Each structure stands twice: as structure tokens, then as C-alpha cells.
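Observations on chain architecture
Chain residues, written in single-letter form:
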Amino acid sequence: MHLHHASGGARAVDEFVAAHRPRVAIVAGSGLHGLADALDHAVHVPFSDLPGIPSPTVAGHGGELVCGMLESLPVIVQRGRAHLYEGHAPEAVVESVRFLAAIGVDTLIVTNAAGALRTALRPPTLMLIADHVNLTFRSALGGAVREGEERFPDMSAPYDAALRARARQVARTLGIALEEGVYAGVLGPSYETPAEIRMLARFGADAVGMSTVNEVIAARALGLRVLGISAITNVAAGLSPSRLSHGDVLRAGERVSSNLERVVRGVVRTLAGT
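What counts and how
Residues numbered from 1 in each chain as written. Predicted model: local features only at pLDDT ≥ 70, side-chain atom pairs only at ≥ 80, totals over all residues. Heavy atoms only, no water. Helix = DSSP H or I, 4+ residues; strand = E, 2+ residues; numbered from the N terminus. Rg over C-alpha atoms; globule rule 2.2 N^0.38 Å. Buried < 20%, exposed > 50% of the residue type's maximum accessible area, 1.4 Å probe, protein only. Contact = heavy atoms within 4.5 Å. Areas by Shrake-Rupley, 256 points an atom, 1.4 Å probe, with all protein chains shown as cover. Lys, Arg positive; Asp, Glu negative; His and termini not counted. Charge placed at Lys NZ, Arg CZ, Asp CG, Glu CD. Polar contact = N/O pair within 3.5 Å; in protein donor to acceptor, adjacent residues only side chain to side chain. Pairing = 2+ DSSP bridges. Right-handed = clockwise from strand over helix to strand, strands pointing away. pLDDT = per-residue confidence, 0-100. Salt bridge = Lys/Arg side-chain N within 4 Å of Asp/Glu carboxyl O.

Here we come to the overall build of the chain. Scanning the chain for helices and strands turns up 8 helices and 9 strands. Since a compact globule built from 274 residues should have a radius of gyration of about 19 Å, the 17 Å found for the chain is in line with a globular shape. In the chain, which comprises 274 residues, the share counted as buried stands at 54%. Put simply, 81% of the contacts in the chain that link residues at least 6 apart link residues at least 24 apart. Of the accessible surface of the chain, which amounts to about 11,500 Å², a share of 51% is contributed by carbon and sulfur atoms. A distance of 6 Å separates the average location of the 25 positive side-chain charges in the chain from that of its 26 negative side-chain charges.

Structure representation (C-alpha cells):
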């Protein structure tokens, strides 16, 4: 697909897509950007070079696409993401997902930083996302149906079972603890109150964060397979005497990012063999 954009960054994406036909993209969340640094022959394209994709304003979110090779497979790493709480409309938050689908990506690996609601989740650790609860009360699918998207996408299995099985096998082989659970996506930007945390736990959620759910809804409407992994960086409010801070979340994300990178690398390695 030729993107017909004038900017040098967009031309670089054009050239990478034409040469390598990447099918896999990885969204790197708060403090989880080591994967972008690990790509061979990397080409960096800021969001500002790509029409419609807003640049993040949050610390720990770089705001660029990085095209390159990972485990001999061409991939695109989305370094950072836009959030609803920054004032963006839902359709702007998922514009990068729509862009990736338009250039031929069919498998999306999403990562995020999240707070633990379940006592068995001891941060910093990793949680494979089995399902989610969208409590942002927003949907990027409102309005006219976009070309290539379903009006009513089936969300009975938003996170691909085969990809989750691959991730579990990779983690076992590497000796990395990988829990599994339900992610609750909320609007933010304030952290939740203890009463809200108790409510989320009663809803069946195991971890909570401020991203991902709308991206996954858009990805499923476009027919993309999705794998989701949360870096559990903190215990949610009311479950620990400690106050929460974004700085602490970033630091915990850095501590667990090595294991996250190893798991994602392992999954990509299995995809390279298919």
C-alpha cells in the first residue's frame, strides 16, 4: 500500500512496507520501550509525520513508529500511545491501529502498565490479558462505519487464544512468571479510589489501567488478531499503604520490561516460523 504522504517519515514507512510487508505490530506502553530499541535496521518515524495520529503528552510515551527486524521478522513497534484523558476523541486514540491495519498488519501485540486488583499479582510481574472490561464509556466505532470495519464486531474472544497459548509456552520455556487475567480499562487520569478498586474487583477485573481497550475494539473491528500483556507495576489503591505515582509506575515498568521483551521476542520468533 502506498500512503501518498509528502513527509520523509511517511515515505520511510512506505519503503519499509514495500520491501518487507510487515504483518506484526507491537504497541509499547508506559516505560516499556526496550522493544523499539532492540530492532535491527530500525527506521524511526514520529507520529507528527503521520496524518491523524496524535502525539502523546505523557511521560514515558515516545510518540513514534519504529520499523525494523525483530527475530528475523519485519515488525512495527508503536512507541507510546495517545490516551482519552489527554483530551483526544476515541477515534484519534485508535488512529494508529487503523493506520497499521491499512498498511497490512494483521497481528497486534498490545502492552500496558497496570495496577493489580488481585492479591496473587505481586508487582512487578506480567499478566497475560484474557479479556477486558471497557469502563472508559467511550467507543471509537461510533458514527459512520469505516471502510473495512465491522459495525458490530464480535468481542466474545478479543484476545486470540492461539497467541495466548504461544505466550504461555514461551514464558514457561524462559522460566518467566506469567499470570493471566481480566484488564479493566478506565478513563483516568486520576488513579482509582479504594472504593472504585473494590467495585472493579467485584466486576471480575484482575488489573486496571487507562488504555488498550479501545485499541483492541478497533483492532477486532478490522479483523486483527490481538495479544495483550500487562506489566503489573503497582498494587491498586486501598490494597497497599503506599501512595501511587506515575514515576513509580515508570520505574516498575523498567524493572519488568526485560521479561516483557523476552516474552514478546519469543512470541515473534514463533510467528517468524509460520
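Moving on: unusual backbone geometry. Each neighbour pair has its own omega, and for Pro123 with Pro124 the value is -5°, a cis peptide bond. Topologically, Pro124 is positioned in the loop between β5 (107–116) and β6 (125–135). Cis geometry marks the peptide bond from Gly188 to Pro189; its omega dihedral reads 5°. Of note, Pro189 is situated in the loop between β7 (178–186) and α6 (194–202). Residue His41 is not a glycine yet carries a positive backbone phi of 55°. Since its relative accessible area comes to 70%, His41 is described here as exposed.

In this section: the environment of Glu71. Summarising the element assignment, Glu71 is placed in the loop between β3 (64–70) and β4 (73–79). Note on Glu71: relative accessible area 23%, which makes it partly exposed. Remark: the alpha-carbon pair of Glu71 and Leu39, spanning 32 residues in sequence, is separated by 8.7 Å. Leave out the neighbours within four places in its chain, and Glu71 touches Arg265, Val268, Arg269 and Ala272. Side-chain polar atoms of Glu71 contact the side chain of Arg265, separated by 2.7 Å. One polar contact links Glu71 to Arg269, side chain to side chain, over a distance of 3.0 Å.

This part takes up the pairing of β3. Of all 7 residues in β3, 7 are buried; the element is thus mostly enclosed. What you see with β3 is no split at all: Glu64, Val66, Gly68 and Leu70 on one side and Leu65, Cys67 and Met69 on the other are buried throughout. Inspection of the sheet shows strand β2 (residues 40–46) paired to β3 by 5 bridges, in the antiparallel sense. Bridge pairing in β3 places His44 opposite Val66. The sheet contact formed by β3 and β4 spans 7 bridges and is antiparallel. Within the sheet, the bridge partner assigned to Cys67 lies in β4 and is Ile76. As consecutive antiparallel partners, β3 and β4 are separated by 2 residues, and within that stretch Glu71 has a phi angle of approximately 50°, a positive value.

Note on strand geometry: in a regular strand, side chains alternate between the two faces of the sheet. With 7 of 9 residues buried, β7 lies mostly within the body of the structure. Of the strand pairs in this sheet, β6 and β7 are connected by 9 bridges, and their pairing is parallel. By the bridge assignment, Ile129 is partnered in β7 with Gly181. Across 3 bridges, β7 lies against strand β8 (residues 207–209) in parallel orientation. Across the sheet, Gly185 pairs through a bridge with Gly209, a residue of β8. In terms of handedness, the path from β7 via α6 over to β8 forms a crossover that is right-handed.

A low pLDDT score tells you not to read the predicted coordinates there in detail. Residue-level pLDDT values for the chain average 90, and 92% of them are 70 or greater. Per-residue pLDDT stays below 50 along residues 1–6; that stretch engages in 16 contacts with residues further than four places along the chain or on separate chains.

Attention shifts here to the pattern of salt bridges. Scanning the entire structure with this criterion turns up 14 salt bridges. In this structure, Arg146 and Glu95 form a salt bridge, with 3.9 Å as the shortest nitrogen-oxygen distance. Taken as a pair, Arg146 in the loop between β6 and α5 (161–174) and Glu95 in helix α4 (residues 95–102) lie far apart in primary sequence, 51 residues in all. Where Arg168 meets Glu180, a salt bridge forms, and the shortest distance between an N and an O atom there is 3.1 Å.

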